[in-house]
Amino acid sequence: ESSLHLQLEDHLNAEIATGTIKSSQDCIDYLTWTFFLRRLMQNPSFYGLEGTDAESVSTYLSTLITKRLEILESAGCVEVERETDGVRSTYLGQVASLYYLHYKTMQTFSSELCSTMKVEDIIRVLSNASEYEELPVRHNEENLNAEMLPMIRFAPPMHLVDKPNCKAEILIQAHLSRLMLPVSDYITD
């Protein structure tokens, strides 16, 4: 099955940022050329589509696109002009597209970063980027993370050492402080 619908915001943001998509109709046209549409027609119940007639598919796609554009707009990545059906990228959307960042990361950075923050707070916000949620915390690495806490300047709470974002925070600080890492997996990470 297709998983495009699960990451559609980031794909749409990239296409809007490059100028390929300029309206919500362009978004729908974009979807019609994807594997997602083929699977949608072959397995409609998997995707929550009630029927495969043209009207049902059109309504489903319109609703899907409208919701995803609203999410991107609330994240500050796009601006939607409802009267003209136009959509354009914002600076945040362009940065997300250029650096392959999730729209959620841009939303976090936009809402939490400010010019008066201390270094400790900036590191904490950076480590909360949604991309770090995929950082593996392998078997027993929570113990290594706990051992590294006294070595870093701004230690996160001990109860978070088994979380990917905490590991990211530790690795960022270790890199900035030029600390030796305990295992080669940490160098890879």
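Residues numbered from 1 in each chain as written. Predicted model: local features only at pLDDT ≥ 70, side-chain atom pairs only at ≥ 80, totals over all residues. Heavy atoms only, no water.

### Here we look at the packing of aromatic side chains
Here is step 1: Summed over all chains, the structure comprises two aromatic pairs.
Here is step 2: Between Phe36 and Tyr47, the ring centres sit 5.4 Å apart and the planes meet at 85°, which makes this aromatic pair edge-to-face. A residue pair is termed long-range when its members are at least 10 positions apart, and Phe36 in helix H3 (residues 35–42) and Tyr47 in helix H4 (residues 44–47) qualify at 11 residues.
Here is step 3: Residue Phe36 is classed as buried on the basis of its relative accessible area of 1%.
Here is step 4: Look at Phe46 and Tyr47: their rings are 4.8 Å apart centre to centre, the planes differ by 80°, and that puts the pair in the edge-to-face class.
Here is step 5: Using a relative accessible area of 47% as the deciding quantity, one classes Phe46 as partly exposed. (Phe/Tyr/Trp six-rings, centres within 6.5 Å; stacked < 30°, edge-to-face > 60°. Helix = DSSP H or I, 4+ residues; strand = E, 2+ residues; numbered from the N terminus. Buried < 20%, exposed > 50% of the residue type's maximum accessible area, 1.4 Å probe, protein only.)

### What about the side chain of Thr34?
Here is step 1: In this structure, Thr34 sits in the loop between helix H2 (24–32) and H3.
Here is step 2: Residue Thr34 is classed as buried on the basis of its relative accessible area of 15%.
Here is step 3: At 2.7 Å, the side chain of Thr34 forms a polar contact with the backbone oxygen of Leu31. (Polar contact = N/O pair within 3.5 Å; in protein donor to acceptor, adjacent residues only side chain to side chain.)

### A short note on the nonpolar core
Among soluble globular proteins, nonpolar side chains are generally buried collectively.
Here is step 1: Leu12, Leu31, Phe36, Leu40, Tyr60, Leu61 and Ile65 are the most contacted members of the largest nonpolar core, which has 28 residues in total.
Here is step 2: Breaking this core down by element, the ones donating at least two residues are helix H1 (8–17), H2, H3, helix H5 (54–74), helix H6 (91–98) and helix H7 (103–112).
Here is step 3: The dominant element in this core, judged by the number of residues it contributes, is H5, at seven residues.
Here is step 4: Setting aside residues no more than four positions away along its own chain, Ile65 makes contact with Leu8, Leu12, Ser24, Cys27, Ile28 and Leu31. (Core = buried A, V, L, I, M, F, W, Y, C linked by side-chain atoms within 4.5 Å. Contact = heavy atoms within 4.5 Å.)

### Details of the environment of Val57
Here is step 1: Along the polypeptide, Val57 turns up in helix H5.
Here is step 2: The spatial distance from the C-alpha of Val57 to the C-alpha of Pro44 is 9.4 Å, given a sequence separation of 13 residues.
Here is step 3: With sequence-adjacent residues up to four places away left out, Val57 is seen in contact with Leu37, Met41, Leu49, Gly51 and Thr52.

### What about a nonpolar patch on the surface?
Here is step 1: Side chains of Leu113, Ile122 and Leu126 sit close together on the surface and give an oily, nonpolar patch of about 190 Å² of accessible area.
Here is step 2: Checked against the element boundaries, Leu113 lands in the loop between H7 and helix H8 (119–127). (Patch = residues over 30% accessible without salt bridge, like charges linked within 9 Å, V, L, I, M, F, W, Y side chains within 5 Å. Areas by Shrake-Rupley, 256 points an atom, 1.4 Å probe, with all protein chains shown as cover. Salt bridge = Lys/Arg side-chain N within 4 Å of Asp/Glu carboxyl O.)

### Here we look at unusual backbone geometry
Here is step 1: With phi around 70°, Asp85 is a residue other than glycine that occupies positive phi space.
Here is step 2: For Asp85, a relative accessible area of 29% gives the class partly exposed.
Here is step 3: In this structure, Asn140 is a non-glycine residue whose phi angle is positive, near 70°.
Here is step 4: Tracing the backbone shows Asn140 in the loop between H8 and helix H9 (141–148).
Here is step 5: By relative accessible area, Asn140 is classed as partly exposed at 38%.

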